[in-house]
Amino acid sequence: MIQTLKSIIAKVIGFGEMKKLIANFSWLTVDRIVRLGINLFIVGWIARYLGKAQYGLFNYSMSLTILVSALASLGTNNIIIREIVNHPEKKNQILGSAFIMRQIGGILVVIVSVILVMIINSDDSLTQLLVFIASLTYMVSSFDIIDLYFQSQLKSKYAVIANNSVFILLSCVRVALILLKAPLVAFAIAATAEVFAAQIAMAVMYHRTGESVFKWKWNSDIARDLFRDSWPLLLSGISAILYLRIGQVMLGKMVNYTEVGIYSAAVKISEVWYFVPVMVSVTIYPKLIEIKKINEELFNRRLLEFFSIMALI
């Protein structure tokens, strides 16, 4: 499968920079395989330990928060990559402005999530607590823009190293929680702690590449331009998240958390394969931006090939 995907990428971007692109693609592949392999084991064990009802409540709380999670990124992911590729000299202003925007977005996610759960689950204090803990994830995830920077430079290996180091460590913590017979809230805290630790690791890795977050600067003009270009993608992201997660929230309200637990386990298996088109697009996207700057006709041809490949996958 990996060889086939490599040939697909070569078809779209050509063979000029294949070594660098294949290296980036391979790191992303390793990242997904490690995460999927460990996750299937850990998540299965957690589901068996918590039981259908509690596991369902856990996923219901996560899904309720995810419904508004698009507010955290404000749809800026691909726009940030595009701007860094097009204007590398403004890298620190772009990252600094995006960081502040995401901090504001993360605060919005917490506020909206808490209001939403207090309306929908007004008499369930445990669900309210779980949603609050889950929403804090988006307040501490602003350093994800470093991952976007690495993507723009085709240096995803640094993000993979940072994220997977923390992921393996926190997976061990989850196993310890199971063995210690920890309560449901502890698993929610562990999920948020993983994101927080990953952000620290990402910042450390960023510094090790010779960069510094202390050079980031806020620029109101850049922030305005980012939001102007990203708001349609924000609406698109909200629609996609609603499509993927609304079922679990509806089951929790219309039936019970036990059904949510069963449904969530099945959904995780079906979602395993989403990483394939994501990997291809992450690898190809920065190169497509470069091609557009050079040759519009070639860009349109490559874009058509890219869309065809996505449909086929």
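This text goes with the structure placed above it.
Residues numbered from 1 in each chain as written. Predicted model: local features only at pLDDT ≥ 70, side-chain atom pairs only at ≥ 80, totals over all residues. Heavy atoms only, no water.

Description of the overall build of the protein chain
Then comes step 1: When you go through the protein chain residue by residue, the secondary structure sums to 13 helices and 0 strands.
Then comes step 2: Overall, the protein chain shows an N-to-C arrangement of helices and strands of α-α-α-α-α-α-α-α-α-α-α-α-α.
Then comes step 3: Taken over C-alpha atoms, the radius of gyration comes to 20 Å for the protein chain, in line with the 20 Å a tight globule of 313 residues would show.
Then comes step 4: Projected onto its principal axes, the C-alpha coordinates of the protein chain cover approximately 60 × 45 × 35 Å.
Then comes step 5: Counting contacts in the protein chain only where the partners sit at least 6 residues apart, residues at least 24 apart contribute 83% of the total.
Then comes step 6: Averaging the coordinates of the 29 positive side-chain charges in the protein chain and doing the same for the 19 negative ones gives two points 6 Å apart. (Helix = DSSP H or I, 4+ residues; strand = E, 2+ residues; numbered from the N terminus. Rg over C-alpha atoms; globule rule 2.2 N^0.38 Å. Contact = heavy atoms within 4.5 Å. Lys, Arg positive; Asp, Glu negative; His and termini not counted. Charge placed at Lys NZ, Arg CZ, Asp CG, Glu CD.)

Overview of the nonpolar core
Then comes step 1: Formed by 33 residues in total, the largest nonpolar core has its most connected members in Ile46, Leu50, Tyr60, Leu64, Leu177, Leu184 and Phe187.
Then comes step 2: Those elements that place two or more of their residues in this core are α2 (18-66), α3 (70-73), α5 (91-120), α6 (125-135), α8 (156-179), α9 (184-208), α10 (220-254) and α11 (257-270).
Then comes step 3: Examining the composition of this core, we find that 9 residues originate from one element, α2, more than from any other.
Then comes step 4: If near-sequence neighbours (up to four positions away) are discounted, leucine 50 is found in contact with Tyr55, Leu184 and Phe187.
Then comes step 5: Ile79, Ala98, Ala162 and Ala223 belong to the second largest nonpolar core, which has 32 residues in total. (Core = buried A, V, L, I, M, F, W, Y, C linked by side-chain atoms within 4.5 Å. Buried < 20%, exposed > 50% of the residue type's maximum accessible area, 1.4 Å probe, protein only.)

Section: unusual backbone geometry
Then comes step 1: The phi dihedral of leucine 74 is positive, around 60°, even though this residue is not glycine.
Then comes step 2: Locating leucine 74 in the fold gives a position in the loop between α3 and α4 (77-86).
Then comes step 3: Backbone geometry at lysine 181 places phi at a positive 55°, although glycine is not the residue there.
Then comes step 4: Tracing the chain through its elements places lysine 181 in the loop between α8 and α9.

Focus on the packing of aromatic side chains
Then comes step 1: With the rule as written, the count across this model stands at 12 aromatic pairs.
Then comes step 2: Between phenylalanine 41 and tryptophan 45, the ring centres sit 5.7 Å apart and the planes meet at 55°, which makes this aromatic pair tilted. With phenylalanine 41 and tryptophan 45 both in helix α2, this residue pair falls 4 residues apart, about one helical turn.
Then comes step 3: Note on phenylalanine 41: relative accessible area 53%, which makes it exposed.
Then comes step 4: Grouped by ring-pair contacts, the aromatic residues Phe99, Phe143, Tyr149, Phe150, Tyr158, Tyr206 and Trp216 constitute a single cluster. (Phe/Tyr/Trp six-rings, centres within 6.5 Å; stacked < 30°, edge-to-face > 60°.)

Details of empty space enclosed by the protein
Then comes step 1: A full pass over the atoms with the stated rule returns 1 cavity of 30 Å³ or more.
Then comes step 2: Size it by volume and the largest cavity reaches roughly 30 Å³.
Then comes step 3: Forming the boundary of the largest cavity are Asn59, Arg245, Gln248, Ser264, Val267, Lys268 and Glu271.
Then comes step 4: Of all elements in the fold, only α10 and α11 reach the threshold of two or more residues within the lining of the largest cavity.
Then comes step 5: Per-element accounting of the lining of the largest cavity gives the leading share, 3 residues, to α11.
Then comes step 6: Here the lining of the largest cavity is composed, by residue class, of 1 nonpolar, 3 polar and 3 charged. (1 Å grid on protein atoms, 1.4 Å probe; cavity = no way out; pocket = protein on both sides within 12 Å on 5 of 7 lines; lining within 4 Å. Points joined across faces, edges and corners; volume = space filled by probe spheres on them. Nonpolar A, V, L, I, M, F, W, Y, C, P; charged D, E, K, R; others polar.)

As for a nonpolar patch on the surface
Then comes step 1: Residues Ile107, Ile111, Ile115, Ile119 and Met139 make up a contiguous nonpolar surface patch of about 450 Å² in total accessible area.
Then comes step 2: You can call isoleucine 115 partly exposed: its relative accessible area is 47%. (Patch = residues over 30% accessible without salt bridge, like charges linked within 9 Å, V, L, I, M, F, W, Y side chains within 5 Å. Areas by Shrake-Rupley, 256 points an atom, 1.4 Å probe, with all protein chains shown as cover. Salt bridge = Lys/Arg side-chain N within 4 Å of Asp/Glu carboxyl O.)

Overview of the pattern of salt bridges
Then comes step 1: Counted under the stated rule, the structure contains 9 salt bridges.
Then comes step 2: Between aspartate 221 and arginine 224 there is a salt bridge, with the nearest N and O atoms lying 3.1 Å from each other. A residue pair is termed a helical-turn pair when its members lie 3 or 4 positions apart in one helix, as aspartate 221 and arginine 224 do in helix α10 at 3 residues.
Then comes step 3: Glutamate 296 is the salt-bridge partner of lysine 292, the closest N and O atoms lying 3.1 Å from each other.

Concerning α6
Then comes step 1: Buried within α6 we find Thr127, Leu130, Val131, Ile133, Ala134 and Ser135.
Then comes step 2: For α6, the side-chain oxygen to backbone nitrogen distance between the N-cap and leucine 126 is 3.3 Å, and the N-cap itself is aspartate 124. (Polar contact = N/O pair within 3.5 Å; in protein donor to acceptor, adjacent residues only side chain to side chain.)

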